[in-house]
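Each chain, letter by letter, is given below.
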Amino acid sequence: MSNTCSNMASVVPFLKTLNSNHSILQASKLINNYIFCRAKSSKSSKSEHDVIIVGGGIVGMATARELLMRHPALSVAVVEKEKGLASHQSGHNSGVIHAGIYYTPGSLRAKLCVEGLDLAYKYCDQFGVPYKKCGKLIVAVRPQEIARLDKLFERGVQNGVKDLRIVGSTEIKEIEPNCKGLKAIHSPHTGIVDWGLVTRSYGKTFQQLGGKIYTDYQVTSFTATKESKPGSQDGINFPITIYGKLEKNSPLRCKYVVTCGGLQSDRLAQLSGCDRNPRILPFRGEYLELVPEKHDLIRGNIYPVPDPRFPFLGVHFTPRIDGRVLLGPNAVLAFKREGYGYTQFSLSDMMDALSYRYDTVIRLWIHTVQSV
């Protein structure tokens with residue numbers, strides 16, 4: 001047995017190593033290296049677990065579910081600060097199943113997106129989650145956009161995006177009769193789904209596998225037990241204690257923690273002993289909705305050629321799984337990390353953003369004003 005596995009004092013460097021800045025793949029490798037040298041989990045009480053995932057969004061629930069599927073003997077729990085799963089990013093997005101066109105060839109992001117599309121459809125078929133494979137057009141409407149469109153197509157081909165092709169103005173009209181453009185990329189396998197519903201489905205299967213979900217549990221601190229009390233093995237078996245904000249949040253003890261905190265990921269990283277950087281700069285996307293009698297104007301996703309000056313894909317038409325059609329988003333600097341309206345404001349969130357990258361915030365604020 002390696003020294004890492006036998007010596008539970010190694011939990012502190014593990015906490016400083018693993019947080020939501022890592023990919024799920026990296027997290028999986030780290031967890032396997034650190035804790036799965038044992039064949040079976042030790043018995044524990046209701047408040048004691050082998051692994052606790054902090055964050056009940058889609059990344060947290062996917063991680064928790066995968067851990068139990070690979071290692072069913074483990075005791076795994078998820079803590080979520082809201083009253084339900086997918087309350088923030090996972091439940092506030094355009095609902096697109098992307099094919100992997102935009103990302104740097106050879107990058108982990110590109111690989112995961114291309115493979116993830118097939119896995120997403122497979123999961124939805126298996127567990128009865130509704131989706132629609134409606135396709136997508138990325139349309140160049142100005143001559144100066146064509147060169148960028150061609151490079152984007154080459155990138156998609158290098159990434160292995162299936163059945164990607166370039167279409168001209170005539171074929172654009174055949175795919176989307178109400179769309180006009182000079183040239184476009186057609187991605188027939190791009191689709192739409194309710195990612196919040198997918199997250200809750202993950203939660204259901206996680207619980208069926210024996211996992212525990214603690215909602216309304218906002219983590220305020222982690223502490224590591226350096227040694228046990230005389231005659232006790234508790235500190236060795238469960239060296240990490242997690243504390244919640246509310247009085248009803250009983251302390252939870254575990255061996256290892258994985259933070260998947262989304263909009264709070266940098267703060268959770270700091271609580272676990274890691275560097276906060278890069279920090280979260282909160283932006284909110286706003287949408288217009290087509291009136292119901294105009295829904296039939298749009299068949300699938302229609303995107304512009306992205307502007308390389310900004311980290312956004314541009315304003316696009318997006319059909320929703322409930323039949324609605326949205327136009328957006330713009331990118332508006334949010335006054336609160338988890339604020340979804342103009343009247344929601346957090347002084348601490350704004351000061352945090354400004355103190356980190358004042359120049360970036362101002363530049364993006366100008367872009368926000370121009371896009372309103």
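Everything numeric here is computed off the predicted structure, so don't read it as measured data. Residue indices begin from 1 for each chain and proceed along its sequence in written order. Note on the predicted model: pLDDT of at least 70 is required for a residue's local features to be given, and 80 or more for side-chain atom pairs to be given and counted; whole-chain, interface and lining totals, by contrast, use all residues. The side-chain quantities take in all heavy atoms of the structure and omit both hydrogens and water.

Focus: the confidence of the model for the chain
The predictor rates its confidence in each residue with pLDDT, a number between 0 and 100. Averaged over every residue, the pLDDT of the chain is 86; residues scoring 70 or more account for 81%. A contact between two residues is defined here by any heavy atoms of the two lying within 4.5 Å. In the predicted structure, residues 33-43 sits below a pLDDT of 50 and forms 25 contacts with residues beyond four places in sequence or in another chain.

Quick look at the sheet that holds strand 8 (residues 191-193)
Between any two strands, at least two bridges found by DSSP are needed for them to pair. We count a stretch as a helix when DSSP gives it H or I for four or more residues in a row; a strand needs E for two or more, and each element gets its number in order from the N terminus. Here 3 strands make up an open sheet; going across it, the order is 3-8-4 and the pairing antiparallel. Taken across any chain shown, the strands that pair with only one partner, and hence form the sheet edges, are strand 3 (96-97) and strand 4 (131-132). Sheet topology note: the strand 3/strand 8 ladder contains 2 bridges and is antiparallel. Paired with Val-96 across the strands is Ile-192, a residue of strand 8.

Some thoughts on the environment of Asp-275
As for its position among the elements, Asp-275 is in the loop between helix 10 (265-271) and strand 13 (283-284). Side-chain atoms alone can form a polar contact between residues adjacent in sequence; in general such a contact is a pair of N or O atoms within 3.5 Å, and within protein one must be able to donate a hydrogen while the other accepts it. Only 3.0 Å separates the side chain of Asp-275 from the backbone nitrogen of Asn-277, close enough to count as a polar contact.

Some points on the side chain of Thr-190
Summarising the element assignment, Thr-190 is placed in the loop between strand 7 (183-187) and strand 8. For every residue, the accessible area (1.4 Å probe, protein chains only) is compared with the maximum for its type, and the residue is labelled buried under 20%, exposed over 50%, or partly exposed between those bounds. Residue class for Thr-190 comes out buried when judged on its relative accessible area of 1%. Side-chain polar atoms of Thr-190 contact the side chain of Ser-187, separated by 2.8 Å. Residue contacts for Thr-190: discarding those within four places in its chain leaves Val-96, Ile-97, Ala-99, Leu-117, Tyr-121, Lys-133, Cys-134, Gly-135, Lys-136 and Asn-301.

Notes on the packing of helix 5 (residues 108-127) against helix 8 (residues 195-208)
All axes here are fitted lines through C-alpha atoms, helices being fitted over the stretch that makes contact, and every angle between N-to-C directions spans 0 to 180 degrees. Interhelical geometry of helix 5 versus helix 8 gives an angle of 65° and a closest axis separation of 12 Å. Crossing geometry of helix 5 relative to helix 8 is assigned as left-handed. From helix 5, Ala-120, Tyr-123, Cys-124 and Phe-127 reach across to helix 8, where they touch Trp-195, Val-198, Ser-201, Tyr-202 and Thr-205. Any residue that is not Ala, Val, Leu, Ile, Met, Phe, Trp, Tyr, Cys, Pro, Asp, Glu, Lys or Arg is counted as polar, Gly included; the first ten are nonpolar and the last four charged. Each residue belonging to the contact of helix 5 with helix 8 can be placed in one class, and the counts come to 7 nonpolar, 2 polar and no charged. The handedness criterion is simple: a crossing whose near helix is rotated anticlockwise from the far helix by less than a right angle is left-handed, and one whose near helix is rotated clockwise is right-handed.

Observations regarding helix 11 (residues 347-356)
In an α-helix there are 3.6 residues to a turn, and that puts residues three or four apart on one side. Along helix 11, the residues classified as buried are Asp-349, Met-350, Asp-352 and Ala-353. Axial view of helix 11: buried residues confined to an arc of 160°, hence all on one face. Of the exposed residues in helix 11, the ones pointing more than 90 degrees away from its buried face are Leu-347 and Ser-355. Directions pointing from the helix axis toward each C-beta atom define the arc.

Some thoughts on the pairing of strand 5 (residues 136-140)
For strand 5, the buried fraction is high: 5 of the 5 residues fall into the buried class. Neither face of strand 5 is exposed, since Lys-136, Ile-138 and Ala-140 on one face and Leu-137 and Val-139 on the opposite face are all buried. The pairing of strand 5 with strand 15 (residues 301-304) spans 4 bridges and is parallel. Along strand 15, the bridge assignment pairs Leu-137 with Ile-302.

Observations regarding a nonpolar patch on the surface
A contiguous nonpolar surface patch, about 340 Å² in accessible area, is contributed by Phe-345, Leu-347 and Met-351. Structurally, Met-351 is set in helix 11. Taking the relative accessible area as the measure of exposure, Met-351 reaches 48% and is therefore partly exposed. For patches, a residue must show more than 30% relative accessible area and have no salt bridge; joins then use 9 Å for like charges and 5 Å for nonpolar side chains, namely Val, Leu, Ile, Met, Phe, Trp and Tyr. Note on areas: these come from Shrake-Rupley sampling with a 1.4 Å probe, and a residue is covered only by the protein chains present in the view. We define a salt bridge as a side-chain nitrogen of Lys or Arg found within 4 Å of a carboxyl oxygen belonging to Asp or Glu.

With respect to the packing of aromatic side chains
Here a Phe, Tyr or Trp ring, Trp counted by its six-membered ring, pairs with any other such ring whose centre lies within 6.5 Å, and the pair is stacked when the planes are under 30 degrees apart, edge-to-face when over 60, and tilted otherwise. Counting across every chain of the model gives 5 aromatic pairs. Ring centres of Tyr-121 and Tyr-131 lie 4.8 Å apart, and the angle between their planes is 45°; this geometry places the pair in the tilted category. Highlighted residues: Tyr-121 in helix 5 and Tyr-131 in strand 4, separated in sequence by 10 residues. Take Tyr-131: its relative accessible area is 27%, and that puts it in the partly exposed class. With a centroid separation of 4.9 Å and 75° between ring planes, the pair formed by Tyr-123 and Tyr-202 is classed as edge-to-face. Remark: Tyr-202 occurs in helix 8 and Tyr-123 occurs in helix 5; sequence separation between them is 79 residues. Here the aromatic cluster, defined as three or more aromatic residues joined through ring pairs, consists of Tyr-123, Phe-127 and Tyr-202. Geometrically, a lysine NZ or arginine CZ counts as sitting over a ring once it is within 6 Å of the ring centre and also within 35 degrees of the ring normal. Between the NZ or CZ atom of Lys-133 and the centre of the ring of Tyr-121, over which it lies, the distance is 4.6 Å. If you follow Lys-136 out to its NZ or CZ, it ends over the ring of Tyr-303, 3.9 Å from the centre.

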